[in-house]
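Architecture and fold: a report
Residue-level listing of the chains:
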Amino acid sequence: MYDVERIRADFPILSREVNGKPLVYLDNGASAQKPRVVIDAITKAYSQEYANVHRGLHYLSNLATDHYENVRGIIARFLGAPDPEEIVFTSGTTEGINLVSYAWAAPRLTAGDEIVLSVLEHHANIVPWHFLRERQGAVLKWVEPEADGSLDPQKVIDAIGPRTKLVAVTQMSNVTGALVDVAAICRGAHDRGVPVLVDGSQGAVHRPVSIPAIGCDFYAITGHKLYGPSGSGAIWIARERMAEMRPFLGGGDMIRDVGRDTVTYADPPMRFEAGTPGIVQQIGFGAALEYLMALGMENVAAHEADLRDYAMARFKGLNWLNIQGTSPGKGAIFSLTLDGAAHAHDISTVLDKKGVAVRAGTHCAMPLMEHLGVTATCRASFGLYNTRAEVDRLVEALELCHELFG
Ligand code: PLP
């Protein structure tokens, strides 16, 4: 049984007040709060078990290396990926996608080659491809979402042409919560011989992930949205694709031999992990993923589906409230605007005064904002510890905004 009150007790920050009101934290889409097990793992790693990894022959270095390397297996298990060697540690999704852009895509693109993207993408899955457009003449082919905010997988597949080198698509919109059938996209793209990168930054947070079931080539995740530390993350890369990649960052740890006129590289995945990594961040990330697996991602998904349905039912009565994207089965992420002149920043300031933390702005998704015809929205994004009572608090605060600005 999913006991949300017991789960809330695992997150120390949730018991604090903000502006004299109990905190209602609805900014999980930006970054999630951390359970005690993650905070404890970080504290223990720094206070008892810290040293640099891979290099020393002393006790603490070996211990830190074991704990750090162990996380590769935890991430693989969380993603249902059979081989931990296909996990590359990163500082987050942004680094993971830049790695693919630089190390895999750049060497195989010539002017006029295409990358297929959707308009739902976060800037982290846009700007690395713009680099290739600016520097190498790559063409970005954009697929528009449907009126309800969903993405038709067939439209993505139909956008693939003879010059398409990669499809790069999100599993879940960070703005609207729209879920994308990435497995269908992968099947269609692979039938045409085109690899697929999936941005799992949001998708992996809200439901179980199985890499074999998705069938992608690259799957990027970010630790801080998965209740882990900032600066942690990973990208899963299919072995065949890893073998095609040139190194990205150069430095210690990613080499086998360095001479004055020669250099040879470590085997993947370490070939793509130069320099001292986020040792403690990744150890904390491992603790977060163990926590999520103990809760069961299917239970998290069911809890959040209940919150989504409850919120949708509560929003229905508010005829001055606009929800951007209402596709069936979407995640519990709501981008809201109010009729009238109120700017998203004003709304979020009023909500903050009521202790309700949301995000206002363009959510690093400017092409989607343009498509929706809005300059900014107020985003309430729910996580595994939110409650129906918090939906009520959000609605009360929105009603106050309507009174003030409506
Ligand atoms: N992709 C999506 C869908 C996101 O929501 C985010 C973060 O907001 C990112 C990518 C980038 O993640 P990070 O900033 O952790 O690299």
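Residues numbered from 1 in each chain as written. Predicted model: local features only at pLDDT ≥ 70, side-chain atom pairs only at ≥ 80, totals over all residues. Heavy atoms only, no water.

**Description of the environment of Leu179**
Among the structural elements, Leu179 can be located in the loop between β7 (164–170) and α7 (182–191). By relative accessible area, Leu179 is classed as partly exposed at 27%. Distance from Leu179 to Ser327, taken between C-alpha atoms, is 8.1 Å for residues 148 residues apart in sequence. Those residues in contact with Leu179 that sit more than four places away from it in its chain are Gln171, Met172, Arg207 and Gly329. (Helix = DSSP H or I, 4+ residues; strand = E, 2+ residues; numbered from the N terminus. Buried < 20%, exposed > 50% of the residue type's maximum accessible area, 1.4 Å probe, protein only. Contact = heavy atoms within 4.5 Å.)

**Let's talk about the sheet that holds strand β16 (residues 359–361)**
Read across the open sheet, the four strands follow the order β13-β14-β17-β16; overall the sheet is antiparallel. The open sheet has two edge strands with one neighbour each: β13 (321–324) and β16. With direction set aside, neighbouring strand axes in the sheet form an average angle of 35 degrees. Across four bridges, strand β14 (residues 333–338) lies against strand β17 (residues 377–381) in antiparallel orientation. Residue pairing across strands places Leu336 opposite Cys378, the latter belonging to β17. Each of β14, β16 and β17 is contacted by helix α13 (residues 344–353), which is oriented at about 40 degrees to β17, the strand it contacts most. Lying on the sheet, helix α15 (residues 388–405) is in contact with β13, β14 and β17; it crosses β14 at an angle near 15 degrees. (Pairing = 2+ DSSP bridges. Axes fitted to C-alpha atoms, helices over the stretch in contact; angles between N-to-C directions.)

**Section: the site of the ligand**
Residues in contact with the ligand, as listed here, are Gly92, Thr93, Thr94, His122, Ala124, Asn174, Asp199, Ser201, Gln202, Thr222, His224 and Lys225. Measuring from an oxygen atom of the ligand, one finds a backbone N or O atom of Thr93 at 3.4 Å. At a separation of 2.5 Å, an oxygen atom of the ligand approaches a polar side-chain atom of Thr222. For the ligand, the protein covers 87% of the area, taking 400 Å² as the surface of the free molecule. The residue inventory of the shell around the ligand, partitioned by class, reads one nonpolar, nine polar and two charged. (Near = heavy atom within 4 Å. Polar contact = N/O pair within 3.5 Å; in protein donor to acceptor, adjacent residues only side chain to side chain. Areas by Shrake-Rupley, 256 points an atom, 1.4 Å probe, with all protein chains shown as cover. Nonpolar A, V, L, I, M, F, W, Y, C, P; charged D, E, K, R; others polar.)

**Description of the nonpolar core**
Of all hydrophobic cores here, the largest spans 72 residues; its most connected members are Ile75, Leu79, Val167, Tyr219 and Leu384. For Leu384, the contacting residues outside a window of four places in its chain are Tyr2, Val4, Ile7, Phe11, Tyr227, Leu292, Leu295, Val300, His303 and Glu304. If you look at the next biggest cluster of nonpolar residues, it comprises 30 residues, including Phe315, Trp320, Val358 and Leu394. (Core = buried A, V, L, I, M, F, W, Y, C linked by side-chain atoms within 4.5 Å.)

**Considerations on helix α4 (residues 93–105)**
By the criterion of burial, α4 is predominantly enclosed, with ten of the 13 residues buried. Within α4, burial applies to Thr93, Gly96, Ile97, Asn98, Leu99, Val100, Ser101, Ala103, Trp104 and Ala105.

**Observations regarding the pairing of β7**
With six of its seven residues buried, β7 lies for the most part within the structure. In terms of strand pairing, β7 meets strand β8 (residues 196–199) through four bridges, oriented parallel. Within the sheet, the bridge partner assigned to Thr170 lies in β8 and is Asp199. You can see the chain leave β7, run along α7 and come back into β8, and the turn it takes is right-handed. (Right-handed = clockwise from strand over helix to strand, strands pointing away.)

**Some thoughts on the state of the cysteines**
On inspection of all chains with the given rule, the structure shows zero disulfides. For Cys216, which is in no disulfide, the shortest distance to another cysteine sulfur is to Cys186 and amounts to 5.2 Å. Free cysteine: Cys401, not disulfide-bonded; nearest cysteine sulfur from Cys378 at 7.3 Å. (Disulfide = S-S within 2.5 Å.)

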